[in-house]
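Here's the letter readout for the chains.
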Amino acid sequence: MKPLQHLFQQNLEWANDIKENDPEFFTRLSQQQAPEYLWIGCSDSRVPANQIVNLPPGEIFVHRNIANLVVHTDLNCLSVIQYAVEILKVKHIIVCGHYGCGGINAAMEDTDHGLIDNWLGHIKDVSRFNADKLDQLSGREKQDMLCELNVKEQVINVCNTTIVQNAWRRGDTLSIHGWVYSIKNGIIKDLETCITNSAQFQQKIASKS
């Protein structure tokens with residue numbers, strides 16, 4: 001028997017269902033990719049970008065990693081952003097975290113997790129930068145707050161890339177958003193961090209100083 005045969009069978013059933021409801025779906029999908037959105041989210045299997053916002057394949061360009069980080073040395077993430085902005089001409093970049101994030105929780109623990117601690121160090125930095133807010137909280141409230149603060153920090157990191165800065169200099173329409181998703185109820189929370197140009201970005205940086 002072919003390995004993972006049940007997944008091949010489910011794929012066939014899914015494709016047949018799609019074609020039954022929309023015979024031209026895959027023909028259209030194969031002809032072009034023109035999404036307006038880049039989604040930078042967590043690798044958590046419970047947070048599928050397309051399903052959360054109820055959009056079909058082809059509508060969202062997606063990059064995922066542990067705890068939805070945007071790190072200036074991560075060429076994978078930066079390459080995705082560049083391709084999305086300069087080739088696909090997306091109009092929105094969404095950084096979406098989620099409550100109950102394993103990466104966030106691990107970063108809060110005083111435990112050796114091995115190699116991943118090098119990655120989680122970026123979250124620990126966010127925690128240190130915001131100690132005044134986090135030290136007042138405990139338990140789930142503290143975890144949820146760090147999830148939100150982490151998203152806000154990654155929005156700043158996206159804006160600070162040369163890719164986004166150059167896009168704004170060219171006059172491109174490009175907005176950066178910060179959201180958090182709740183696995184418990186399926187609802188997205190807008191963190192109201194939308195930044196649409198360099199002037200807004202500089203104001204945001206100034207307000208954090």
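Residues numbered from 1 in each chain as written. Predicted model: local features only at pLDDT ≥ 70, side-chain atom pairs only at ≥ 80, totals over all residues. Heavy atoms only, no water.

Q: Whenever I open this one, the overall build of the chain confuses me. Can you help?
A: Broken down by element type, the chain carries 10 helices and 5 strands. The C-alpha extent of the chain, read off along each of the three principal axes, is 55 × 45 × 30 Å. Burial analysis of the chain (209 residues in total) assigns 38% to the buried set. For the chain, the exposed area adds up to about 12,100 Å²; of that, 51% sits on carbon and sulfur atoms. The positive charge centre, built from 19 side chains, and the negative charge centre, built from 24, are 3 Å apart in the chain. (Helix = DSSP H or I, 4+ residues; strand = E, 2+ residues; numbered from the N terminus. Buried < 20%, exposed > 50% of the residue type's maximum accessible area, 1.4 Å probe, protein only. Areas by Shrake-Rupley, 256 points an atom, 1.4 Å probe, with all protein chains shown as cover. Lys, Arg positive; Asp, Glu negative; His and termini not counted. Charge placed at Lys NZ, Arg CZ, Asp CG, Glu CD.)

Q: Just to check I follow, could you spell out the pairing of strand E3 (residues 92-98) for this structure?
A: Consecutive residues of a regular strand have side chains that alternate between opposite faces of the sheet. Counting buried residues along E3, 6 of its 7 residues qualify, which places the element largely inside the surrounding structure. Of the pairings in the sheet, the one linking strand E1 (residues 37-42) to E3 comprises 5 bridges and is parallel in character. Of the residues in E3, the one forming a bridge with Trp 39 is Ile 94. Where E3 lies against strand E4 (residues 175-181), 7 bridges are found, and the strand directions are parallel. Residue pairing across strands places Val 95 opposite Gly 178, the latter belonging to E4. (Pairing = 2+ DSSP bridges.)

Q: Sorry if this is basic, but what is going on with the side chain of Thr 193 here?
A: The topology assignment puts Thr 193 in the loop between strand E5 (188-190) and helix H10 (198-208). According to the relative accessible area criterion, Thr 193 is buried, its value standing at 6%. A polar atom in the side chain of Thr 193 sits 3.1 Å from the backbone nitrogen of Gly 178. The contacts of Thr 193, once residues within four sequence positions are left out, are Lys 152, Val 155, Ile 176, His 177, Gly 178 and Lys 204. (Polar contact = N/O pair within 3.5 Å; in protein donor to acceptor, adjacent residues only side chain to side chain. Contact = heavy atoms within 4.5 Å.)

Q: Can you walk me through the state of the cysteines in this structure?
A: The tally for this structure, following the rule as stated, stands at 0 disulfides. Here Cys 159 stays free of any disulfide, with the sulfur of Cys 194 as its closest cysteine sulfur at 8.9 Å. For Cys 159, a relative accessible area of 0% puts it in the buried group. (Disulfide = S-S within 2.5 Å.)

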